[in-house]
Every structure is written in structure tokens, then in C-alpha cells.
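The primary structure of each chain is shown beneath.
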Amino acid sequence: MANKGNLEASIDRLLNEEKQMRLAENVSGTRKAATEILQLCFEAKDWKLLNEQILNLSKKRGQLKQAVQSMVQQAMQYIDQTPDIETRIELIKTLNNVSAGKIYVEIERARLTRKLAKIKEDQGQIAEAADLMQEVAVETFGAMAKTEKIAFILEQVRLCLDRQDYVRAQILSRKINPRVFDADTKKDKKKPKEGENIVEEAPADIPTLLELKRIYYELMIRYYSHNNEYLEICRSYKAIYDIPSVKETPEQWIPVLRKICWFLVLAPHDPMQSSLLNATLEDKNLSEIPDFKMLLKQVVTMEVIQWTSLWNKYKGEFENEKSMVGGSLGDKAGEDLKLRIIEHNILVVSKYYSRITLKRLAELLCLSIEEAEKHLSEMVVSKALIAKIDRPSGIVCFQIAKDSNEILNSWAVNLEKLLDLVEKSCHQIHKETMVHKAALRP
């Protein structure tokens, strides 16, 4: 009781001092009196009184911004020293109420929200944690360090993915420009000009820019895996592969390069996929995993691939990599791999044949006639190639249909070539005749 009486007496004395300093607009004095009141409450372990004093001091008429900022920053140091979760949540909510709508404590409010979201997540309340994080738009905070902003947004994306809100995860991920990870961090920081916001240093627990790059692309892999966007997953792994710390350690880059190879093969054929495929084949590191180099060469070479022999050779490797594509995607990836080989074989056939029977096409693809027709039709619909099927006669034509103008132009060109050939022939005949006449003269 005596201690409690002393605490109240000390707080009353400091409140009077704080009032005098506040009315006199003495910034350092007001800040000192306010923080000392909080320190007394903390030392007495009276958490309820601490919350009351924070609210009371912040609501004082004409309270100085600097005093509120100092109180919030000091009280944040007490969060980790609270005796239980309920007390911690109560203190965080009190500080959130005080900092709501105040630009000069927006960074502190963001950090408090992140702490509260972490507590909610640990309690299994993923949706509540995600909703809390989405309330804060850190991209508008001028004084927050770039790495801290990125880390905060990545946390928002991760929570959205955890609650399977893929649409919002994509929207949030677009707030980060991937080029920001390629910025040169070694450059000297420019001194802020007069009138510019001073950027605060990021806390010690915030990862570096390159670590954030890896986290970003790992989250994007999770997002793209939801829709089986193999080429985008491959590009994300390629970005991780290009991180210097990954490329320096074989234990790290070999698994990543294997994943790049698999996703390149799984990705539908298009110019981007073809470009990445050729670029990967030129990588010297690929010689460390010869089986995958051979796999990519098979896909690049315009020859028919026998699915059975390829699957028998790479089945073990594919089973080992199931963890990289995620549980439910494993079987789907196996089906897609077979589909990509069929598509490759159809493209090869279209290069070598202008016309072919469906029966022969099915034999080359090791499929039934119905399956061969189905896959061919799907490729035509997706505009991967141009073909026409004469079903009654069972013939596939890979020639491009020409309109009347193209036909007339080709005729004109052929006719011109023919006349040139006739002219040359006449010239040669005339030349030979003159030579023979000269030889017959005495």
C-alpha cells in the first residue's frame, strides 16, 4: 500500500510538471516528464495503470507531437517484457489507439500492427492476422526504410497466401517492383536535402535486400503454383538462381537449377519458353547435372521423343522432385509432362510433313487415333500450330491456307522465275550454236 501511495504521489508530481512544460511548449521537458511517468508504471509492473497513463497523456489538450512519439517509442520497448499474452495484446491495442491517424507515429503503428498480427497468427487466427496487416499501407510511408517496407508487404502477401486469398496476394505483390532488388546497395547514400523526410534505419531483424529477393520469389512460386503457371514459376526460380549467395554454393544452386529444367520442360511452348530454354542450355553449370542437360537437349532437338523411354529414364528424378511442385500438383505435373512431349512431337511432325495420315501420326506419337486427333485439335485451337484435318479421308494438312491475293502473288513469282529460266536456256542454246558454227568453219 505504501509503495502504491508513493507511486501515485510520484505520478501526480510528474503530471503537474508535464502540464507546466506542455503549456510552456517546452518539448524536452514535456517529453521527459511523460516518459518518466511511463517508466514508473513499468517498474511497478502496473500494466493497467501504464495503459491508462498512455491514453491520458496522449489526450491532454495541446499535447506535443514529440511527447506522443517518445511515449509510443518507449512503451514499445515494454511489449516483450509483458507477463502474458493478454497484457501484451492490451498494451499493443492501447498504443495502436494512440497512434491511429497520426502521421508522425505511422511507422510505430505499422510495427505494432505487425507484432499484433504475429500474435494472432501464433494463435491460429490467420484470417484476422491478414486483415490486420492489410489495414496498413506502408508504401505511402516516406520515412520508412525501403527494406522494412518490402518486408512488411511480403508479410502481407504471405498471410494472404496462407488464407488462400490469391487475388489479394497478387494485388499486394504488385506493390513491389522486382527491379528494386537489383539496386546497388553499396552506393553511398545521399544526404537528405532541407525539407526532405529523413528515412529511418530499418530494425536489426529486417532481412537484407538480397534475402528479401529470395523471400519474394519463393512467395511468387507459391502463388503461380496455384494456377500451374509453369513458365512464371521457372522465371521465379531463375531469379533465385541469379542471387550471388546462391550461385556461389553448389548445395544451393544445384536443386534450383534442377527445378528450372523441370519447369522449362513443363511450360507450354512459346517464344519466352524457347528463349529461356536456350539460355539455360548455354549455362556452364548445367554440365554438373548431365541428365538434365540431356533432357533439355532432347526437347530442343527437332526429333520425335519416345515417351515410354523418356519416362523410364526420368521417373525416379521426377518422383524425387515432387516436393518442389507441392503435394496436389505432383500428379498434375506428371500428366502435363506427357502432354508437353506429345506437343513437341506434333511440332516435329509438322516441320517434316506437309501432309500425313492420322493413322501414321498416331503411330509416331504412340497414341490412339482419337487421342492424336484430340491433342492436334487442342494445339490448333491454342494457335500453337496451323493444321487442317480431313476426317473422311483421315489426312492432316499442315500447310498454311492462302487467300486469293497470296495465291496470285505466288503464281506471279513462279511465272517470273519460269520466264527467267526460258531466257537463260535460250541464251545458252544460242551460245552453243555459235560455238559449233565457229568449229565447223574451215
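The structure we're discussing is the one just above.
Calculation notes
Residues numbered from 1 in each chain as written. Predicted model: local features only at pLDDT ≥ 70, side-chain atom pairs only at ≥ 80, totals over all residues. Heavy atoms only, no water. Helix = DSSP H or I, 4+ residues; strand = E, 2+ residues; numbered from the N terminus. Expected span 1.5 Å × (residues − 1). Buried < 20%, exposed > 50% of the residue type's maximum accessible area, 1.4 Å probe, protein only. 1 Å grid on protein atoms, 1.4 Å probe; cavity = no way out; pocket = protein on both sides within 12 Å on 5 of 7 lines; lining within 4 Å. Points joined across faces, edges and corners; volume = space filled by probe spheres on them. Nonpolar A, V, L, I, M, F, W, Y, C, P; charged D, E, K, R; others polar. Core = buried A, V, L, I, M, F, W, Y, C linked by side-chain atoms within 4.5 Å. Pairing = 2+ DSSP bridges. Axes fitted to C-alpha atoms, helices over the stretch in contact; angles between N-to-C directions. Parallel < 35°, antiparallel > 145°, perpendicular 65-115°, else oblique. Contact = heavy atoms within 4.5 Å.

Visitor: Help me understand helix H11 (residues 230-241) in this model?
Guide: Because each turn of an α-helix spans 3.6 residues, side chains separated by three or four positions in sequence point in the same direction. Given a rise of 1.5 Å per residue, twelve residues ought to cover 16 Å, and the 16 Å separating the end C-alpha atoms of H11 matches this to within 8%. With nine of twelve residues buried, H11 is to be regarded as a mostly interior element. Within H11, the full set of buried residues consists of Tyr230, Leu231, Ile233, Cys234, Ser236, Tyr237, Ala239, Ile240 and Tyr241.

Visitor: Even after reading the chapter, I still don't get the layout of surface pockets, so can you show me in this structure?
Guide: Left-over empty space is what a probe sized like a water molecule reveals as it rolls over the atoms. Roughly 430 Å³ of volume is contained in the second largest pocket. What lines the second largest pocket is a set of 19 residues, among which Arg111, Arg114, Lys115, Asp205 and Ile206 lie closest to the centre. When residues of the lining of the second largest pocket are traced back to their parent elements, those giving at least two are helix H6 (106-122) and helix H8 (146-162). At seven residues, the largest contribution of residues to the lining of the second largest pocket is made by H6. Here the residues of the lining of the second largest pocket sort into nine nonpolar, no polar and ten charged.

Visitor: Just to check I follow, could you spell out unusual backbone geometry for this structure?
Guide: In this structure, Glu25 takes a positive phi of about 55 degrees despite not being glycine. Looking at the element boundaries, Glu25 is found in the loop between helix H1 (2-23) and helix H2 (27-43). By relative accessible area, Glu25 is classed as exposed at 62%. Located in the positive-phi region is Cys366, a residue other than glycine, with phi close to 55 degrees. Turning to its location among the elements, Cys366 is positioned in the loop between helix H19 (358-365) and helix H20 (369-381). According to the relative accessible area criterion, Cys366 is partly exposed, its value standing at 49%.

Visitor: For this particular structure, what's the right way to read the nonpolar core?
Guide: A general feature of soluble globular proteins is that nonpolar side chains tend to end up buried together. Membership of the largest hydrophobic core comes to 73 residues, with the highest contact counts inside it found for Val138, Ile150, Ile176, Phe181, Tyr237 and Ile260. Ranked by residue count, the leading element in this core is helix H13 (residues 250-266), at ten residues. In terms of nonpolar packing, the next biggest core, distinct from the first, is built from 31 residues, Trp47, Leu50, Ile54 and Ile89 among them.

Visitor: Teacher, can you tell me more about the sheet that holds strand E2 (residues 388-390) here?
Guide: In a beta sheet, neighbouring strands pair by backbone hydrogen bonds and run either parallel or antiparallel. Strand order in the open sheet made by the three strands is E1-E3-E2, with antiparallel pairing throughout. Strands at the two margins of the open sheet, each flanked by one partner only, are strand E1 (355-357) and E2. Going across the sheet, the axis of each strand differs from the next one's by a mean of 25 degrees, ignoring polarity. Of the pairings in the sheet, the one linking E2 to strand E3 (residues 395-397) comprises three bridges and is antiparallel in character. Residue pairing in the sheet places Asp390 in a bridge with Ile395 of E3.

Visitor: Would you take a moment to explain the packing of H6 against helix H7 (residues 126-134) for this structure?
Guide: Between two packed helices, both the angle of their axes relative to each other and the distance between the axes serve to describe the pair. At a minimum axis separation of 8 Å, H6 and H7 run at an interaxial angle of 170 degrees. In terms of their interaxial angle, H6 and H7 are classed as roughly antiparallel. Taken together, the residues of H7 that come into contact with H6 (itself represented by Thr113, Arg114, Leu116, Ala117, Lys120 and Glu121) are Ile126, Glu128, Ala129, Leu132 and Met133. A class-by-class count of the residues in the contact of H6 with H7 yields six nonpolar, one polar and four charged.

Visitor: Where do I start with the environment of Glu232 in this structure?
Guide: Take Glu232: it is sitting in helix H11. When the C-alpha atoms of Glu232 and Phe263 are compared, they prove to be 9.0 Å apart, with 31 residues separating the residues in sequence.

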